[in-house]
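# Topology and contacts: notes
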Amino acid sequence: QVQLVESGGGLVQAGGSLRLSCAASGRTFSSYNMAWFRQAPGKEREFVATISRSGGSTYYADSVKGRFTISRDNAKNTVYLQMNSLKPEDTAVYYCAAQRVVLSTTQDYWGQGTQVTVSS
């Protein structure tokens, strides 16, 4: 099992930057694809970005492409989300997720979330 703990959220003005971190427990971090999701008040949880196990492949939602960067450090069991040029519509609780497939079974783990608030 993997435990995920997000940090780095806060209040920032529009146009500012934040860097979120997600620290994972255990020695199998590098076997998981990692992702960030977010959920704004009254809305469904939505995908933000994902990164492959080695970090060699990334994919972003259109709404954040060019502004956000996902990265990982497998030696530190940590995944990051660098958020630049923040907009009020980026306000949400941001969740870190880990996923892998073992013997045709998908294993998913989620963090508790960190609040990001962007003021206009």
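Residues numbered from 1 in each chain as written. Predicted model: local features only at pLDDT ≥ 70, side-chain atom pairs only at ≥ 80, totals over all residues. Heavy atoms only, no water.

One pass over the structure, following the stated rule, counts four salt bridges. A salt bridge links E46 to R38, with the shortest nitrogen-to-oxygen separation between them at 2.6 Å. For E46, a relative accessible area of 34% puts it in the partly exposed group. When its relative accessible area of 6% is taken as the criterion, R38 is described as buried. Put simply, R38 and D90 hold a salt bridge, and the shortest N to O gap is 2.9 Å. Here R38, found in strand β4 (residues 33-39), pairs with D90, found in the loop between β8 (78-83) and β9 (92-102); they are 52 residues apart in sequence, far enough to count as distant. For the pair formed by R38 and D90, the shared burial category is buried. A network of salt bridges, in which partner residues are shared, links R38, E46, R67 and D90. (Salt bridge = Lys/Arg side-chain N within 4 Å of Asp/Glu carboxyl O. Buried < 20%, exposed > 50% of the residue type's maximum accessible area, 1.4 Å probe, protein only. Helix = DSSP H or I, 4+ residues; strand = E, 2+ residues; numbered from the N terminus.)

The sheet built from four strands is open, its strands ordered β1-β3-β8-β7 with antiparallel pairing. Only two strands of the sheet have a single partner each, and these edge strands are β1 (4-7) and β7 (68-73). Sheet twist, expressed as the average angle between the axes of neighbouring strands with direction ignored, equals 15°. Alignment of β7 against β8, held across six bridges, turns out to be antiparallel. Its bridge partner lying in β8, D73 is registered against T78. (Pairing = 2+ DSSP bridges. Axes fitted to C-alpha atoms, helices over the stretch in contact; angles between N-to-C directions.)

The next thing to look at is the nonpolar core. Among the nonpolar cores identified, the biggest contains 31 residues, and L4, M34, W36, V79, L81, M83 and Y94 are the most heavily contacted of them. When contributions to this core are tallied by element, the ones reaching two or more residues are β3 (18-24), β4, β5 (46-51), β7, β8, β9 and β11 (114-119). Setting aside chain neighbours within four positions, we find M83 in contact with G16, S17, L18, L20, R67, F68, Y94 and V116. (Core = buried A, V, L, I, M, F, W, Y, C linked by side-chain atoms within 4.5 Å. Contact = heavy atoms within 4.5 Å.)

Next up on the list: the state of the cysteines. Tallied over the entire structure, the rule returns one disulfide. The residue that forms a disulfide with C22 is C96, at a sulfur-sulfur distance of 2.1 Å. An S-S torsion of about -80° defines the bridge between C22 and C96 as left-handed. A residue pair is termed long-range when its members are at least 10 positions apart, and C22 in strand β3 and C96 in strand β9 qualify at 74 residues. (Disulfide = S-S within 2.5 Å.)

Of note in this structure, N77 is not a glycine but carries a positive phi near 55°. Take N77: it is sitting in the loop between β7 and β8. You can call N77 buried: its relative accessible area is 16%. At S85, a residue that is not glycine, the phi angle is positive and equals roughly 50°. Relative to the elements of secondary structure, S85 occurs in the loop between β8 and β9.

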